[in-house]
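Here is how the chains run, residue by residue.
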Amino acid sequence: DGGITQSPKYLFRKEGQNVTLSCEQNLNHDAMYWYRQDPGQGLRLIYYSQIVNDFQKGDIAEGYSVSREKKESFPLTVTSAQKNPTAFYLCASSLTSGGAGDTQYFGPGTRLTVL
Amino acid sequence: AQKITQTQPGMFVQEKEAVTLDCTYDTSDQSYGLFWYKQPSSGEMIFLIYQGSYDEQNATEGRYSLNFQKARKSANLVISASQLGDSAMYFCAIPDQTGANNLFFGTGTRLTVIP
């Protein structure tokens, strides 16, 4: 089955800790994305990657870091510099990163809570 | 700047009836697309339907159809024969015009289907 997996489903972090959220896809997609969703809100872009070993900041990149060493993997690290990290995090991928019709497909999400 | 507006925070529909969810947008792109996603309580964003700005016919996918009015910058989602499983949040999205194919989301409409 092709798709996007995210782990863990729920994550609890103590203040001052870094945590890493996993995102893996087996769709052979070039582009991958990380979004953050707060209650009652739409999604906001954190980082995106159009190709392996390349990534760009989105609208709310402060306090986050990513890597793209493999095509199928795009992990997100939430650092202690992120002041309000409690949120729902969604990873997505698309075949390419251009073209109006390039649909993004999403993983099941990770709910991060800071204790 | 781009803008997506979903003016209905909540909607109710009787099972088996049709419902229209509103979405208006603002973009300076000449070629663009409109996406609709469904987010059930589990959290995953599920792609429903896409309409390109140059598509002459309104898009249809099963019980979902788009009422696309380009001159009014409106792309309403119509769900026919509502089912209980349609109860969810629905988001309208447009590709970010700044370059990459990341999506710019509205704040969503919560649809509740009443038996």
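Residues numbered from 1 in each chain as written. Chains lettered and ligands numbered in written order. Predicted model: local features only at pLDDT ≥ 70, side-chain atom pairs only at ≥ 80, totals over all residues. Heavy atoms only, no water.

Draft legend 1. Geometry of the interface of chain B and chain A. At the junction of the two partners, chain B supplies 21 residues and chain A supplies 27 residues. Carbon and sulfur atoms make up 55% of the area that chain B and chain A hide from each other, which totals about 1,700 Å². Remark: the boundary between chain B and chain A carries 0 salt bridges. Run the count over chain B and chain A and you get 3 residue pairs in polar contact (both at pLDDT 80 or more). Of all the elements in the fold, those that place two or more residues in the side of chain B that touches chain A are strand S5 (33-39), strand S6 (46-52), strand S10 (88-95) and strand S11 (103-105) of chain B. (Contact = heavy atoms within 4.5 Å. Buried area = accessible area lost by both parts, 1.4 Å probe. Salt bridge = Lys/Arg side-chain N within 4 Å of Asp/Glu carboxyl O. Polar contact = N/O pair within 3.5 Å; in protein donor to acceptor, adjacent residues only side chain to side chain. Helix = DSSP H or I, 4+ residues; strand = E, 2+ residues; numbered from the N terminus.)

Draft legend 2. Fine view of the sheet that holds strand S8 (residues 76-78) of chain A. Residue and element names in this part refer to chain A. A sheet is described by the order of its strands in space; here 4 strands give the open sequence S1-S3-S8-S7, paired in antiparallel fashion. Single-partner strands in this sheet number two, and they are strand S1 (4-7) and strand S7 (64-66). For this sheet, the mean inter-axis angle between neighbouring strands, taken without regard to orientation, is 20°. As defined by bridge partners, S7 adjoins S8 across 3 bridges and the pair is classed as antiparallel. Looking across to S8, one finds that Ser65 is bridged to Thr77. (Pairing = 2+ DSSP bridges. Axes fitted to C-alpha atoms, helices over the stretch in contact; angles between N-to-C directions.)

Draft legend 3. Structural context of the environment of B:Ser41. Residues and elements named next belong to chain B. Relative to the helices and strands, Ser41 is located in the loop between S5 and S6. Ser41 gets classed as exposed once you look at its relative accessible area, which sits at 80%. The sequence separation of Ser41 and Ala18 amounts to 23 residues, and the corresponding C-alpha distance is 21 Å. (Buried < 20%, exposed > 50% of the residue type's maximum accessible area, 1.4 Å probe, protein only.)

Draft legend 4. Structural view of the nonpolar core. All names here are of chain B. Counting 24 residues, the largest nonpolar core has Tyr25, Leu34, Trp36, Ile49, Leu77 and Tyr90 as its most contacted members. The set of elements that each furnish at least two residues to this core consists of strand S3 (19-21), S5, S6, strand S8 (64-69), strand S9 (74-79), S10 and strand S12 (109-114). Residue contributions to this core peak at 4 residues, all from S10. (Core = buried A, V, L, I, M, F, W, Y, C linked by side-chain atoms within 4.5 Å.)

Draft legend 5. A look at a nonpolar patch on the surface. Together, A:Tyr10, A:Phe12 and A:Leu115 give the surface a local cluster of nonpolar side chains, amounting to about 390 Å² of exposed area. A residue is classified by how much of its surface remains accessible, and A:Phe12, at 52% relative accessible area, is exposed. (Patch = residues over 30% accessible without salt bridge, like charges linked within 9 Å, V, L, I, M, F, W, Y side chains within 5 Å. Areas by Shrake-Rupley, 256 points an atom, 1.4 Å probe, with all protein chains shown as cover.)

Draft legend 6. Quick look at the state of the cysteines. Residues and elements named next belong to chain A. As enumerated under the stated definition, the model contains 2 disulfides over all chains in all. Between Cys23 and Cys91 runs a disulfide, and the two sulfur atoms are separated by 1.8 Å. Torsion about the S-S bond of the Cys23 and Cys91 cystine: about -75°, corresponding to left-handed handedness. One end of the pair, Cys23, is in strand S3 (residues 19-25); the other, Cys91, is in strand S9 (residues 87-94), with 68 residues separating them in the sequence. (Disulfide = S-S within 2.5 Å.)

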